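# Topology and contacts: notes
Residues per chain are reported as follows:
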Amino acid sequence: MKLNHGFNKSLLITAGLLLALTSCGKSKDLKTPPNATVAPTAEPVSTPEKTPAKKPPTATPVPTKPPTPTTAPPAKGHTRSTEPFDNIDDEEMDGPNDLIPNAAESTVNNSPVTESEETEILPPLPSSPHQSEGEDSSVLNPPLRPVQNERRAYEVNFTNQTAIKTGGKSQDLFYTGSGRDGILEEFKSYATKVSKEQQVMNVNLAKAIVTAKLSRKSSSGEIAINLNFNEFGAVKTYRLSATSAGDMMNLALSKSGTTGAMAFQGGFIKCLDADGGCESAYAKVKFAGGYARIIFRNSLADMHFQYEDHVQSNPGFSKWLNYVINSANSETAPQTFDTLQLASFEVVNGRAGMGALLTTNDREMIGLSIPLVVSGEKSDVQANVARLSDLSANFDLSSQASKYSQNLSKAVSNVKLIKNNGAGAIKLNFSFAGASIWLVAARVQKETLSLSKIRQFEDKLKKF
């Protein structure tokens, strides 16, 4: 992150804060269904796939039975800045707090797990789609309802798909959306409704946001948003608490958990599920004269595995393949995949990221922090994915995950994002020292409010 020449760091808590802040990138198949009509199945295909660089073929599904689908306030005397943001270059979004991890940033290593770690088992993660009302869940409005006529993961064709971009960029990669509802495109179109000066302030505020997390404590019903900003190459956090206000929730700055010094000037959360739920939502916030919109999504995902055939003498690969085959054959063995839950954020004109929590029926978990990026117009990309033992810091995913066994995660050499259509479908490559397993994950998206209803809601809002 670059600072303007001549900038006096002693002005961090005044107008200089924003000016400096903003001056700163043969295969076989398994399908896992999202609803109660189809079950996992694996079929061989004719062409072997020996390297992750080539696209594994896709098999035809066979209907069967379903699986069971969750800081301190500024120092005394500091004043919060209300000055507008300066210009940010797309290239200047890169830095130590960027969402594109290096392989070394993963917190899950390949060291052996001790006996005590292997036996430390907590109660199962929530099975959100079929849980009872009132059960604890990391999903905002449990239970998730099954989605009918949802596109299956094995049906996703990334060829010639143009990814939907947020407008943010990191080096030669472009951040993307993760939904098919048109909401990201709608909010991007609002940019020109304000003055040129306001447009600059809005874009630069958006690009300063590193991560955004919307979460709810099921026990108390408390809803909050944590925003991390890149300020002088360091993360500054702003915690916003929500209170109900008719058909939306108003946001207020919480002194507890806030470490930045920008002036918060208002904001709200709007739930987007057509059935009144809040698994999809967006927030509009104003800091120091700039506005930013952030879209949040939390859902299960349909899974489609592809794997290399005839791989020998590869313990990590064999370990994973056992889960894949058992799941495909609808085995009752504990070594089967349970659910894949996705939580993501999309900052309009800024960054986007996704947490993916894959769990098994024997209490293994794989936590992935995925930068939602593409290389160009299409869906192709080669981006590192971080394996994390706890995703709850940046995503609305269960904090219990850090207590589950990491053996399955440690068996993987590295993970890369290789396809991303910007509409909720991604393809990951899991590497096992020369062998590969691929996973296509397709978000199971509930119906959201129509764009006309969102426009009606926006039109009646008071400006802040």
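Residues numbered from 1 in each chain as written. Predicted model: local features only at pLDDT ≥ 70, side-chain atom pairs only at ≥ 80, totals over all residues. Heavy atoms only, no water.

With that settled, the discussion passes to the pattern of salt bridges. Scanning the entire structure with this criterion turns up 12 salt bridges. Where E222 meets R239, a salt bridge forms, and the shortest distance between an N and an O atom there is 3.4 Å. Here the residue E222 occupies a position in the loop between β5 (209-216) and β6 (223-231), and R239 occupies one in strand β7 (residues 234-245), the gap between them amounting to 17 residues. With a relative accessible area of 32%, E222 lands in the partly exposed category. With a closest N to O distance of 3.2 Å, E279 and K446 form a salt bridge. Note that E279 is positioned in the loop between β9 (264-271) and β10 (280-287) and K446 in the loop between β19 (435-443) and α7 (451-459), a separation of 167 residues in sequence. For the residue pair E279 and K446, the accessibility class agrees, reading buried in each case. One connected set of salt bridges, linked through shared partners, spans D273, D275, E279 and K446. (Salt bridge = Lys/Arg side-chain N within 4 Å of Asp/Glu carboxyl O. Helix = DSSP H or I, 4+ residues; strand = E, 2+ residues; numbered from the N terminus. Buried < 20%, exposed > 50% of the residue type's maximum accessible area, 1.4 Å probe, protein only.)

This part covers the state of the cysteines. What we call a disulfide is simply a covalent bond connecting the sulfur atoms of a pair of cysteines. What the rule picks out here adds up to 1 disulfide. Covalent S-S linkage joins C271 and C278, the inter-sulfur distance amounting to 2.0 Å. Where C271 bonds to C278 through sulfur, the torsion about that S-S bond is close to -85°, and the disulfide is left-handed. In this structure C271 comes out as partly exposed when scored by relative accessible area, which is 21%. (Disulfide = S-S within 2.5 Å.)

Before going further, it helps to spend a moment on α7. Those residues of α7 that sit buried are I454, F457 and E458. The arc that holds the buried residues of α7, viewed along the axis, is 95°, so those residues lie on one side. Seen from the buried face of α7, the exposed residues on the opposite side, beyond 90 degrees, are Q456 and D459. On its buried face, α7 is in contact with α3 (183-188), β8 (248-254), β9, β10 and β11 (290-308). (Arc of directions from axis to C-beta. Contact = heavy atoms within 4.5 Å.)

Another aspect to go through is the side chain of T176. Relative to the helices and strands, T176 is located in strand β4 (residues 173-176). For T176, a relative accessible area of 0% gives the class buried. A distance of 2.9 Å separates a polar atom in the side chain of T176 from a polar atom in the side chain of N420. (Polar contact = N/O pair within 3.5 Å; in protein donor to acceptor, adjacent residues only side chain to side chain.)

Next up on the list: the confidence of the model for the chain. Mean pLDDT for the chain: 74, with 66% of residues reaching 70 or above. Scored below 50 in pLDDT, residues 32-79 makes 144 contacts in the model with residues more than four places away or belonging to other chains. Considering only residues more than four positions removed or in separate chains, one finds that residues 111-146, a stretch of pLDDT under 50, has 84 contacts. (pLDDT = per-residue confidence, 0-100.)

What follows concerns the pairing of β6. β6 sits mainly inside the fold: 8 of its 9 residues count as buried. Bridge count between β5 and β6: 7 bridges; the pairing is antiparallel. The residue bridging I209 from the neighbouring strand is F229, located in β6. Relative to β7, β6 runs antiparallel, the two being bridged by 8 bridges. (Pairing = 2+ DSSP bridges.)

The buried count for strand β14 (residues 365-371) comes to 7 of 7 residues, which makes it a mostly enclosed element. Burial along β14 is two-sided: M365, G367, S369 and P371 and I366, L368 and I370, pointing in opposite directions, are all buried. Of the strand pairs in this sheet, β14 and strand β16 (residues 380-387) are connected by 2 bridges, and their pairing is antiparallel. In the strand pairing of β16, L368 is matched with R387.

What describes a pair of aromatic rings is the distance from one ring centre to the other and the angle between the planes of the rings. Summed over the entire model, instances satisfying the criterion amount to 15 aromatic pairs. Ring centres of F305 and F337 lie 4.9 Å apart, and the angle between their planes is 15°; this geometry places the pair in the stacked category. Highlighted residues: F305 in strand β11 and F337 in strand β12 (residues 337-347), separated in sequence by 32 residues. Each member of the pair F305 and F337 is classed as buried. (Phe/Tyr/Trp six-rings, centres within 6.5 Å; stacked < 30°, edge-to-face > 60°.)

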